[in-house]
Amino acid sequence: MLRSCDVFAAKKLVLLVTLAGLAACSGEPVEQSSEAFSRMADVHNDPAVISGTADIDRLLIEQDPDGNWAAAVFDADTELLERDALVQEAPQSNEPSAARGDRNAFFGDLHVHTGYSFDGYAMGTIATPYDAYKFARGEAIKNPGGFDMQLSRPLDFYAVTDHAMFLGLAKASAESVNDFSKTDFAKPYNDLNAPENFGTDFFSSLRRLGTFAQFLPSAVSGIRAGNVDGTEVQEIARSAWLDTINAADASNDPGRFTALVGYEYTSSTEDMGNLHRNVIFKRSNRLPREPFSRFHSPNPEDLWDWMDELRSKGVESLAIPHNSNGSNGQMFKLEDWAGNPMDEDYTAQRIRNEPVVEITQVKGTSETHPLISTRDEFAGFEIMPYRVATNALSALEGSYVRGALLDGLVLEQQGIANPYKFGVIGSSDTHSAAAAVEEDNFVSKLGLLSSQATQRGSVPLEGTNAQTYYWGSKAVAITNPSPRGGASYTKINGKIYLGGATPTFGASGLAGIWAEENTRESLYDALRRKEVFATSGPRMQIRFFAGADLDETMLQTADGVQRAYAAGVTMGDDVRLAETDGGAPKFLLMALSDPRSAPLQRLQVIKGWVDASGETHEEVIDVACAKGAAVDPETNRCPDNGARVDISTCAINPETGEAQLSALWSDPEFDPEVRAFYYARVIENPTCRWSTWDAIRAGVEPRPDLAKTLQERAWSSPINIIPGDQ
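Here the residue numbering is sequential within each chain, running from 1 through the sequence in written order. Thresholds applied to this predicted model are a pLDDT of at least 70 for local features of residues and 80 or more for the giving and counting of side-chain atom pairs; totals over whole chains, interfaces and linings are not thresholded and use all residues. As a convention, hydrogens and water are excluded, and side-chain values are obtained from all of the structure's heavy atoms.

### A closer look at the overall build of the chain
Phase 1 of the analysis: Strands are runs of DSSP state E lasting at least 2 residues, helices are runs of H or I lasting at least 4, and numbering of each runs from the N terminus. Counting its regular elements, the chain contains 15 helices and 32 strands.
Phase 2 of the analysis: As a reference, a globule follows 2.2 Å times the number of residues to the power 0.38, and the radius of gyration itself is taken over C-alpha atoms. A compact globule built from 726 residues should have a C-alpha radius of gyration of about 27 Å, and the chain, at 25 Å, falls within 12% of that.
Phase 3 of the analysis: A 1.4 Å probe rolled over the protein chains alone gives each residue an accessible area, and that area as a share of the maximum for its type sets the label: buried under 20%, exposed over 50%, partly exposed in between. Relative to its full complement of 726 residues, the chain shows a buried share of 61%.
Phase 4 of the analysis: The long-range fraction of contacts in the chain, counting pairs at least 24 apart against all pairs at least 6 apart in sequence, stands at 77%.
Phase 5 of the analysis: Surface summary for the chain: the accessible area is close to 26800 Å², and the carbon and sulfur share equals 50%.
Phase 6 of the analysis: Measuring between centres, the 64 positive side-chain charges of the chain sit 3 Å from its 102 negative side-chain charges. For this analysis, residues touch if any pair of their heavy atoms sits within 4.5 Å. Residue exposure ignores everything except the shown protein chains as possible cover, and the areas themselves are Shrake-Rupley values with a 1.4 Å probe. We treat Lys and Arg as the positive residues and Asp and Glu as the negative residues; His and chain ends play no part in the count. The location of each charge is read from NZ of Lys, CZ of Arg, CG of Asp or CD of Glu.

Structural data, given as C-alpha cells:
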C-alpha cells in the first residue's frame, strides 16, 4: 500500500530519521515526547541487531527440520459440554434495558495465564484459575518469588486465557501424583515446581528457560513418533479446560464481577511471526469440550471455521488478536494464510470472528511505530521491537494497528470488504495469574523469572553473579544456540544488565468496556459492537461520538451523553454520509482521568484516510489542552503545560494537568468523498516508568537506555466514515 510519509515507500528515509527530531512530511521536525522512545527499543536500523536477526532466521529453520512447530497432531473437535443445569447466568429481566446514555465504563483484563499454561508453569507459576479470579477481585496471591501480588483496587471483569496447546500438560508432567508424570516424556520435568526448586541462580534459570524452549517441540515429536499417547494428552487438556470453566462459573457474580470463559490460540508462522489470539465465549452453559489450538491447525482460518461451526450450534465467541507488533508483518498482511489475495469470503469471516484487537499489553504497544508515523511524537510509547520469544526484529509493515486501519480503507476503495474495521482493547498477558498494570507495582509477566528487578533488566547485576550471567549466557549461546540470540546480557557503562526484549516490556494494559451492566451478556455485546477502549494501565475513561447534530451543550448538561447517543454514533460504529445528506460530522470527545494516576495533559483525534490515487495519510490533532490552553493552529499541538517528574522520587506536579478534558471538534479538511477513520487518544502528564521505580527502590541510577518517564494513555475504538455513494 502507498502511504504518506511511508518508510517502506522510501527506504532511504529510514536511515535519515532520528528520534531527536523526526522529519515530518512538511520538513518540520516532530520530536518524540517525554523520553517516550527508549533507545533500547530503537533497533530497527542497528546493524548488529539486523545481522543477529538473519542468524536467528536461519536457526529457526535448522532447529525444526521435521516441521514439529507447524504440525497438526489433533483433529478439530466441536463436541459440546452441555452444562445448562450447572450454570447460573444473570437472571433474565422483563424490564427494558438501560438507556445507552446510562452505559458505564467497566475495566478488566481478557488475557491472563495461570499454571495451566506450559510457559507459565515453566516460569514457576502454580497459581490456578481460581487464584486468578481471586486476584482480580482484590485479594492477594503469591508470586512464584514468594511475595504477595495485589491490585490497588479490584477489577470489574477478568478472563483466564491459558494456552490451548497442551493445556495443563506441563503441570501434569511435573506433579508426581498422576500416571502421566511417570512416562519417559514427563520425567525430565518431574518436581519442576517443588519447593526446593525455586532458585533464581543462573543454572536454575537455565533449566526453566530450557523447559520453556523444549517442552512443546518434544511433546509434538513424541506424539508424531508414537512415544507419547495423544489421547492421554487430550484427556489432560480437557480436564484442565473443564476446571478453567468451573473456576469462571464459581467466580462469576453478575452485577458485581464478571468472570468470562476463554483461552489463547497461540499460532505463529515458521519464522515466529506472532499470530496469537484470545478466544472469549459469551456464555458457559454450552461450550466445546476442548479448545482449538495450533496443534489442531496453525492456520487462523481453521480457527474461524471451528468458531463458525460452534456458532451454528449456539455457541457464541469472538477472537482477539494480540501482539501484532511481534508478528513480523503477518498479523495484518494483505493476503490469506496460503498467500492468496483477500476475497469477500475471507474478509467477511475474519471480521465476523475478530471484531476487536488488543492494542497494548506487557509485550509492547501495537498502535504504531515512530518509523511509520513520523508526524506522531507519541508513537514511541512502550515499543517492543522483536518477534515474540526471540531477539529477531519484527517487520514494521503489517504489524501495527494504525497501519492495518489504513490498509483496510484501501481494500474498501478497491471494492473488497474491510477486514480491519475493528475496535481496540488493552490487556496484560500476565503469566503469573496477576495482571501487572501498575508502574509502581510492576513485576512483569514471567513469574519467577521476573520476580527480581535484575531479572526485569531495570537494575544491574553485581559482583561474581554478574560475571556468571554475562559470560555464562555467551557460552550457552555458542553451545546451545537459541532464537533469543546471544544478547541475553549486555554491558552499559561497565554495568551488566539483562538484554533482549524483557526490559522493553510495559506495565500494560486494561480493557475498557461501555456497557449497561457488569454481566457476561452485556460486556460481550459491547465487545461485539466495538464500544470498547484500551488503556495502558490507569483507569482513564474516554467517550467518542460522531454525528452532524452533535453540539457544545452536550458537554455541559447532565443529559449530554444520552443526547449524544441519540444524535450520533459512538466508537466502533460507522458514519454513513448517505444517511446524513453528506454533511460533515462533528466529533464529541470526553475524557476522565484516573484519580489514582496523573492528570490529563491533552486530548487528541487521530485521523487516517485514503485519497483517490490509493495513497494513505494520517494526522494527529490535539483538540483539548490542560489548563484551557489553546491549540496552536499551525502545528495542531497543545503548548508545553509544564508537567515535570522528579526522577529521584517520582514526584509529579499534578496542578499542571486536568481531571477532565472534552471537546466538540470538526475536521476543517473533511472531504465527503474520502474514506476515513477517526479515533480518540488521551494522554496523561508524564510519570515514572516502572524501571525507574525499580531503580529508586534499589538505590541505583535508572538504566540509561530505557525511558525514565512515560505518558500513560487511553485509545478509543475508531469511527469509520463511509462516503455517500457507498
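Now that the structure has been shown, the text picks up again.
### Side note on the nonpolar core
Phase 1 of the analysis: Within the largest apolar cluster, 70 residues are counted, with the highest numbers of intra-cluster contacts made by Tyr158, Tyr263, Phe281 and Leu303.
Phase 2 of the analysis: Sorting elements by how many residues they give to this core places helix α10 (residues 401–413) first, with seven residues.
Phase 3 of the analysis: Sequence-distant contacts of Leu303, that is, excluding residues within four places in its chain, are made with Tyr263, Tyr265, Arg277, Val279, Phe292 and Ala319.
Phase 4 of the analysis: One finds Val575, Val605, Phe670 and Val682 within the second-largest nonpolar core, a separate group that totals 34 residues. Take the buried Ala, Val, Leu, Ile, Met, Phe, Trp, Tyr and Cys residues and link them wherever side-chain atoms come within 4.5 Å; each set so joined is a nonpolar core.

### Describing the side chain of Ser117
Phase 1 of the analysis: For Ser117, the position within the fold is in the loop between β4 (104–112) and α3 (118–122).
Phase 2 of the analysis: For Ser117, a relative accessible area of 0% gives the class buried.
Phase 3 of the analysis: Pairs of N or O atoms within 3.5 Å make up the polar contacts considered here, provided that, within protein, one atom can donate a hydrogen while the other can accept it, and that residues adjacent in sequence are counted only when both atoms are side-chain atoms. At 2.8 Å, the side chain of Ser117 forms a polar contact with the side chain of His113.
Phase 4 of the analysis: Setting aside chain neighbours within four positions, we find Ser117 in contact with Asp162 and His163.

### Observations regarding the state of the cysteines
Structurally, a disulfide amounts to a covalent bond that connects the sulfur atoms of two cysteines.
Phase 1 of the analysis: Disulfide assignment relies on a single distance test, namely cysteine sulfur atoms paired within 2.5 Å. Going through the model one piece at a time under the given rule, you end up with two disulfides.
Phase 2 of the analysis: In this model, Cys625 is linked to Cys638 through a disulfide, with the two sulfur atoms separated by 2.1 Å. The sign of the S-S torsion, about -90°, decides the handedness of the disulfide formed by Cys625 and Cys638: left-handed. Within this pair, whereas Cys625 is found in strand β24 (residues 616–625), its partner Cys638 is found in the loop between β24 and β25 (645–646), the two being separated by 13 residues in sequence. An identical accessibility class is assigned to Cys625 and Cys638; each is buried.
Phase 3 of the analysis: Disulfide pairing is shown between Cys650 and Cys688; the S-S distance is 2.1 Å. Measuring handedness by torsion sign, the sulfur bridge of Cys650 and Cys688 sits at about -100° and is left-handed. One end of the pair, Cys650, is in the loop between β25 and β26 (651–652); the other, Cys688, is in strand β29 (residues 687–688), and 38 residues separate them in sequence. The pair Cys650 / Cys688 is uniform in exposure class, with both members buried.

### A word on helix α13 (residues 520–529)
Phase 1 of the analysis: Taken together, the buried positions of α13 are occupied by Arg520, Ser522, Leu523, Tyr524, Ala526 and Leu527.
Phase 2 of the analysis: Count one or two residues on from α13 and you reach Lys530, which has phi positive near 70°.

### Some thoughts on helix α6 (residues 202–225)
Phase 1 of the analysis: Residue count minus one, scaled by 1.5 Å, sets the expected span of a helix. Spanning 24 residues, α6 covers 33 Å between terminal C-alpha atoms, matching the ideal 34 Å at 1.5 Å per step.
Phase 2 of the analysis: Where α6 bends most, the angle comes to about 40°, and this point is Gln214, followed within four residues by the proline Pro217.
Phase 3 of the analysis: Among all positions of α6, only Phe202, Ser205, Arg208, Thr211, Phe215, Leu216, Ala219, Val220, Gly222 and Ile223 are buried.
Phase 4 of the analysis: The secondary structure elements touched by the buried residues of α6 are α3, α5 (169–174), α7 (230–251) and α12 (463–479).
Phase 5 of the analysis: The opening residue of α6, the one whose side-chain oxygen lies 3.1 Å from the backbone nitrogen of Phe203, is Asp201.
Phase 6 of the analysis: Positive phi shows up at Gly226, right after α6, with a value of about 85°. A residue's bend is the angle separating two fitted axes: one through the seven residues that end there, the other through the seven that start there.

### A word on the pairing of strand β17 (residues 510–515)
Phase 1 of the analysis: Burial runs high along β17: six of the six residues are buried.
Phase 2 of the analysis: Burial along β17 is two-sided: the residues Leu510, Gly512 and Trp514 and Ala511, Ile513 and Ala515 are all buried.
Phase 3 of the analysis: Strand pairing is defined by DSSP finding a minimum of two bridges between the two strands. Strand direction decides the pairing type here: β4 and β17, joined by five bridges, are antiparallel. In the strand pairing of β17, Phe107 is matched with Gly512.
Phase 4 of the analysis: Looking at chain direction, β17 and strand β18 (residues 532–535) are connected through four bridges and run antiparallel. In the sheet register, Ala511 faces β18, and the bridge partner there is Ala534.

### With respect to unusual backbone geometry
Phase 1 of the analysis: Between Ser508 and Gly509 the backbone carries a cis peptide bond, its omega angle lying at -5°.
Phase 2 of the analysis: A positive phi angle, close to 50°, is found at Asn323, a residue other than glycine.
Phase 3 of the analysis: Within the secondary structure layout, Asn323 lies in the loop between β11 (317–321) and α9 (344–353).
Phase 4 of the analysis: Relative accessible area serves as the criterion here: at 1%, Asn323 is assigned to the buried category.

### Looking at the pattern of salt bridges
Phase 1 of the analysis: By definition, a salt bridge exists where a carboxyl oxygen of Asp or Glu is found within 4 Å of a side-chain nitrogen of Lys or Arg. Counted by the stated rule, this structure contains 50 salt bridges.
Phase 2 of the analysis: Where Asp594 meets Arg153, a salt bridge forms, and the shortest distance between an N and an O atom there is 2.5 Å. You can see Asp594 sitting in the loop between β22 (586–592) and β23 (600–610) and its partner Arg153 sitting in the loop between β6 (148–149) and β7 (157–160), a full 441 residues away along the chain.

### Some points on the sheet that holds strand β12 (residues 356–361)
Strand pairing in a sheet relies on backbone hydrogen bonds, with the paired strands running either antiparallel or parallel.
Phase 1 of the analysis: Across the sheet, which stays open at both edges, the three strands sit in the order β13-β12-β14 with mixed pairing between neighbours. Each edge of the sheet is formed by a strand with only one pairing partner; in this case those strands are β13 (364–365) and β14 (423–426).
Phase 2 of the analysis: Note that β12 and β13 share two bridges and pair antiparallel. Residue pairing across strands places Thr360 opposite Thr365, the latter belonging to β13.

### Brief notes about the packing of α6 against α12
Axis angle and axis distance: for two packed helices, these are the angle between their axes and the distance between the axes, and together they describe the pair.
Phase 1 of the analysis: Running from N to C, α6 and α12 cross one another at 40°; their axes reach a closest spacing of 11 Å. For the crossing formed where α6 meets α12, the hand is right-handed. In this structure, α6 uses Phe202, Ser205 and Leu206 to contact α12, whose residues at the interface are Thr468, Tyr469, Gly472, Ser473 and Val476.
Phase 2 of the analysis: Partitioned by chemical class, the residues of the contact of α6 with α12 number four nonpolar, four polar and no charged. Angular values range over 0 to 180 degrees, each being the angle between N-to-C directions of two axes fitted as lines to C-alpha atoms, with helices fitted over their stretch in contact. We call a crossing left-handed when the near helix sits turned anticlockwise from the far one by less than a right angle, and right-handed when that turn is clockwise. Classes in brief: Ala, Val, Leu, Ile, Met, Phe, Trp, Tyr, Cys and Pro nonpolar; Asp, Glu, Lys and Arg charged; the others, Gly included, polar.

### Some words on the sheet that holds strand β20 (residues 569–570)
Phase 1 of the analysis: With antiparallel pairing, the four strands of this open sheet are ordered in space as β20-β19-β22-β27. Looking along the sheet, the strands with just one partner apiece sit at the ends: β20 and β27 (660–666).
Phase 2 of the analysis: Bridging between strand β19 (residues 541–547) and β20 involves two bridges; their strand directions are antiparallel. Bridge pairing in β20 links Phe545 to Thr570.
Phase 3 of the analysis: Sheet contacts for helix α14 (residues 560–567): β19, β20 and β22; angle to β19, the most-contacted strand, approximately 40°.

### As for the packing of helix α8 (residues 300–312) against α9
Phase 1 of the analysis: Packing of α8 against α9 leaves a shortest axis separation of 10 Å and a crossing angle of 65°. Put simply, α8 runs roughly perpendicular to α9. Where α8 crosses over α9, the two elements pack in a sense that is left-handed. Note on element contacts: α9 touches α8 through Tyr346, Gln349, Arg350, Arg352 and Asn353, opposite Glu301, Trp304, Asp305, Met307, Asp308 and Arg311.
Phase 2 of the analysis: For the contact of α8 with α9, the class distribution of residues is three nonpolar, two polar and six charged. The labels follow the angle: roughly parallel below 35 degrees, roughly antiparallel above 145, roughly perpendicular from 65 to 115, and oblique for the rest.

Note that all results are geometric; they support no functional claim without further evidence.
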